[in-house]
Amino acid sequence: MQFGIFTVGDVTTDPTTGTAPTEAERIRATVAIARKAEEAGLDVFATGEHHNPPFVPSSPTTLLGYIAGQTERIILSTSTTLITTNDPVKIAEDFSVLQHLSGGRTDVMLGRGNTGPVYPWFGQDIRQAVPLTVEHYGLLRRLWREEVVDSEGKLRSALQGFTLVPRPLDDIPPFVWHGSIRTPEVAELAAYFGDGFFANHIFWPTSHTQSMVRMYRRRFAHYGHGAPEQAIVGLGGQVFMRRNSQEAVNEFRPYFDNAPVYGHGPSLEDFTTLTPLTVGSPAQVIERTLGFRDYTGDYQRQLFLVDHAGLPLKTVLEQLDLLGEEVVPVLRKEFAVGRPADVPPAPTHESLLRARRSEEKSPSDEEEGPEAR
């Protein structure tokens, strides 16, 4: 399994001090968080894409390209690339460049986006969100896989004789996750193409996440990509930890109550009961996270949200220390227990390249016995 963090990139006033970072400070803090995530031994850093206040990650590949130059090992991903309002040609170009800059440490998570005003800012209509998702992704796949693309779309102008530059690194497109909280059509799209499905898993009850993942697994098998258990699943999550659980609750409460993503709604106690939000000790985070497998099956990627709601950078870095030192090592060990051999690992550029080279072996090479060598 892969373990990592994702950020929504909010600029939020710290409710305990009344101060807020500048946009520049928030962006620089995000870079520091990504570097710390690698230092802590995590596998993935992912950033969202937002074009409205109070969020700053409006250009994810710019941010990830800079982080690529500051890191050596960690996989760099988006936690949402808006497939609806971004042009697929530009997505293809940006991520191909990022692949080359990062040495293949790149994948992409596509989502339709649910912020209504953003659509007209980019010349689109939110009522066309699902058709845009399907058409744009179909074109994106072709751009990464075909040398010359001619395309006639209903929602986008035609392409004639277009060749993507640069081509994907090693001619291997970035692995694609389709991220969704509540849209079954996104899970269906992931299943149809045999891509990964990422259930954000931060707002809705476990029964909803279970239903979405089960549907994706069933449809993955229906389209002939393998058994349901072989589908590629990722989950989001959100945690706040201190060594003493009550200390964690007391410290996090004012941040929860004012958070732009869920503040001014249910109480902290209700929210932690109804959703996967875990506020407590590292042991509680381990126990809760291991329980995700009970209703989603063995999965490939777990990302945590740790840096939102105005939490100061020092506190976020402390969260990463706890994840790296106390939580993730135990999760790696425990998730491996009883994991069936036919459940695939999380895809990487290297594993996709090996798979392609294996497929390219000629039948005669495969049938040749050792005595002929």
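The rules behind the values
Residues numbered from 1 in each chain as written. Predicted model: local features only at pLDDT ≥ 70, side-chain atom pairs only at ≥ 80, totals over all residues. Heavy atoms only, no water. Helix = DSSP H or I, 4+ residues; strand = E, 2+ residues; numbered from the N terminus. Rg over C-alpha atoms; globule rule 2.2 N^0.38 Å. Buried < 20%, exposed > 50% of the residue type's maximum accessible area, 1.4 Å probe, protein only. Areas by Shrake-Rupley, 256 points an atom, 1.4 Å probe, with all protein chains shown as cover. Pairing = 2+ DSSP bridges. Right-handed = clockwise from strand over helix to strand, strands pointing away. Salt bridge = Lys/Arg side-chain N within 4 Å of Asp/Glu carboxyl O. pLDDT = per-residue confidence, 0-100. Contact = heavy atoms within 4.5 Å. Axes fitted to C-alpha atoms, helices over the stretch in contact; angles between N-to-C directions. Phe/Tyr/Trp six-rings, centres within 6.5 Å; stacked < 30°, edge-to-face > 60°. Left-handed = near helix turned anticlockwise from the far one by under 90°. Nonpolar A, V, L, I, M, F, W, Y, C, P; charged D, E, K, R; others polar. Expected span 1.5 Å × (residues − 1). Polar contact = N/O pair within 3.5 Å; in protein donor to acceptor, adjacent residues only side chain to side chain. Core = buried A, V, L, I, M, F, W, Y, C linked by side-chain atoms within 4.5 Å.

*Asks:* Mind showing me how you'd approach the overall build of the chain here?
*Replies:* Across its full length, the chain carries 14 helices and 13 strands. On C-alpha atoms alone, the chain measures out to a radius of gyration of 21 Å, which is about the 21 Å that the 2.2 N^0.38 rule sets for 373 residues. Judged by the C-alpha coordinates and their principal axes, the chain covers about 65 × 55 × 40 Å. Going through the 373 residues of the chain one by one, you find that 51% of them count as buried. About 16300 Å² of surface is accessible on the chain, with carbon and sulfur atoms providing 52% of the total.

*Asks:* Looking at this model, I keep getting lost on the pairing of strand S5 (residues 107–111). Mind explaining?
*Replies:* Side-chain direction in a regular strand flips from residue to residue, so the side chains alternate between the two faces of the sheet. Extensive coverage of S5 is indicated by the burial of five of its five residues. Of the two faces of S5, the one carrying Asp107, Met109 and Gly111 and the one carrying Val108 and Leu110 are both buried. Relative to S5, strand S4 (residues 81–82) is paired through two bridges, and the arrangement is parallel. Its bridge partner lying in S5, Leu82 is registered against Gly111. The β-α-β motif built from S4, the intervening helix H3 (residues 88–102) and the parallel element S5 has right-handed crossover chirality. Direction of pairing for S5 relative to strand S8 (residues 175–180): parallel, over a ladder of four bridges. Looking at the pairing, Leu110 lines up with His178 of S8.

*Asks:* Which parts of the structure should I look at to understand the pattern of salt bridges?
*Replies:* Pairs can form between side chains of opposite charge once their charged atoms are near each other. Using the criterion set out here, one finds 22 salt bridges in the structure. Residues participating in the shared-partner salt-bridge network are Arg242, Glu251, Lys314 and Glu318.

*Asks:* Would you mind going over unusual backbone geometry with me for this structure?
*Replies:* Note on backbone geometry: most residues besides glycine have negative phi, and most peptide bonds are trans. Omega for the bond connecting Pro53 with Pro54 falls within 30 degrees of zero, at 5°, which places this linkage in the cis form. The topology assignment puts Pro54 in the loop between strand S2 (44–47) and helix H2 (60–68). A cis amide bond, omega -5°, links Val165 with the succeeding residue Pro166. Among the secondary structure elements, Pro166 is positioned in the loop between strand S7 (159–162) and S8. Even without glycine at this site, Asp170 takes up a positive phi of about 60°.

*Asks:* Sorry, what's going on with the confidence of the model for the chain here?
*Replies:* Detailed reading of the predicted coordinates is not advisable wherever pLDDT falls low. Mean pLDDT over the chain works out to 93, with 97% of the residues at or above the 70 mark. This model gives residues 366–373 a pLDDT under 50, and the stretch forms four contacts once residues within four places in sequence are excluded.

*Asks:* Would you take a moment to explain the sheet that holds strand S3 (residues 75–78) for this structure?
*Replies:* Either a parallel or an antiparallel arrangement is found when strands of a sheet pair, and the pairing is made through backbone hydrogen bonds. Overall, parallel pairing links the nine strands, which are arranged S3-S2-S1-S13-S10-S9-S8-S5-S4 in an open sheet. Of all the strands in the sheet, just S3 and S4 have a single pairing partner and so form its edges. One ladder, built from two bridges, connects strand S10 (residues 233–235) with strand S13 (residues 301–305); its direction is parallel. The residue bridging Gly234 from the neighbouring strand is Arg301, located in S13. On top of the sheet, helix H7 (residues 206–222) reaches S8, strand S9 (196–199) and S10; it is set at about 175° to S9, its chief contact.

*Asks:* Explain the packing of aromatic side chains to me, please; I cannot follow it from the model alone.
*Replies:* Each pair of aromatic rings is reported with the distance of its centres and the angle of its planes. Counting across every chain of the model gives eleven aromatic pairs. Ring centres 4.9 Å apart and planes at 90° place the aromatic pair Tyr192 and Phe193 in the edge-to-face group. With relative accessibility at 46%, the residue Tyr192 sits in the partly exposed group. Since its relative accessible area comes to 24%, Phe193 is described here as partly exposed. Among the aromatic residues, those joined into a ring-pair cluster are Tyr137, Tyr192, Phe193 and Tyr223.

*Asks:* What should I look at first to understand the packing of helix H10 (residues 282–290) against helix H12 (residues 313–336) in this one?
*Replies:* Describing two packed helices takes the angle between their axes plus the distance from one axis to the other. One way to put it is that H10 packs onto H12 with a least axis distance of 10 Å and a crossing angle of 35°. When you trace H10 past H12, the crossing you get is right-handed. Together, Pro282, Val285, Ile286, Thr289 and Leu290 of H10 and Leu322, Glu326, Val327, Val330, Leu331, Glu334 and Phe335 of H12 make up the contact between the two elements. Counted by class, the contact of H10 with H12 contains nine nonpolar, one polar and two charged residues.

*Asks:* Hey, could you run me through H3 in this one?
*Replies:* Helical periodicity: at 3.6 residues per turn, an α-helix aligns residues three or four positions apart in one direction. Here H3 contains 15 residues, and its C-alpha end-to-end distance of 21 Å stays within 8% of the 21 Å for a straight helix at 1.5 Å per residue. Listed as buried for H3 are Pro88, Val89, Ile91, Ala92, Phe95, Ser96, Leu98, Gln99 and Ser102. Its side-chain oxygen at 2.9 Å from the backbone nitrogen of Val89, Asp87 defines the N-terminal cap of H3. Backbone geometry just after H3 places Gly103 at a positive phi near 70°.

*Asks:* Can you help me understand the environment of Trp177 in this one?
*Replies:* You can see Trp177 is positioned in strand S8. Since its relative accessible area comes to 0%, Trp177 is described here as buried. For the pair Trp177 and Ala190, spaced 13 residues apart in sequence, the C-alpha separation works out to 7.4 Å. Trp177 has contacts with Asp107, Val108, Met109, Leu110, Gly196, Phe197, Phe198, Ile232, Val233, Gly234, Gln300 and Arg301, leaving out every residue within four places of it along the chain.

*Asks:* Can you walk me through the nonpolar core in this structure?
*Replies:* Most often, soluble globular proteins have nonpolar side chains that are buried together. Formed by 91 residues in total, the largest nonpolar core has its most connected members in Ile5, Phe45, Phe197, Tyr216, Phe252 and Leu323. By residue number, the principal contributor to this core is H12, which donates eight residues. Beyond its immediate stretch of four places on either side in the chain, Phe197 contacts Trp177, His178, Ser180, Val186, Ala187, Ala190, Met212, Val213, Tyr216, Ile232, Val233 and Gly234.

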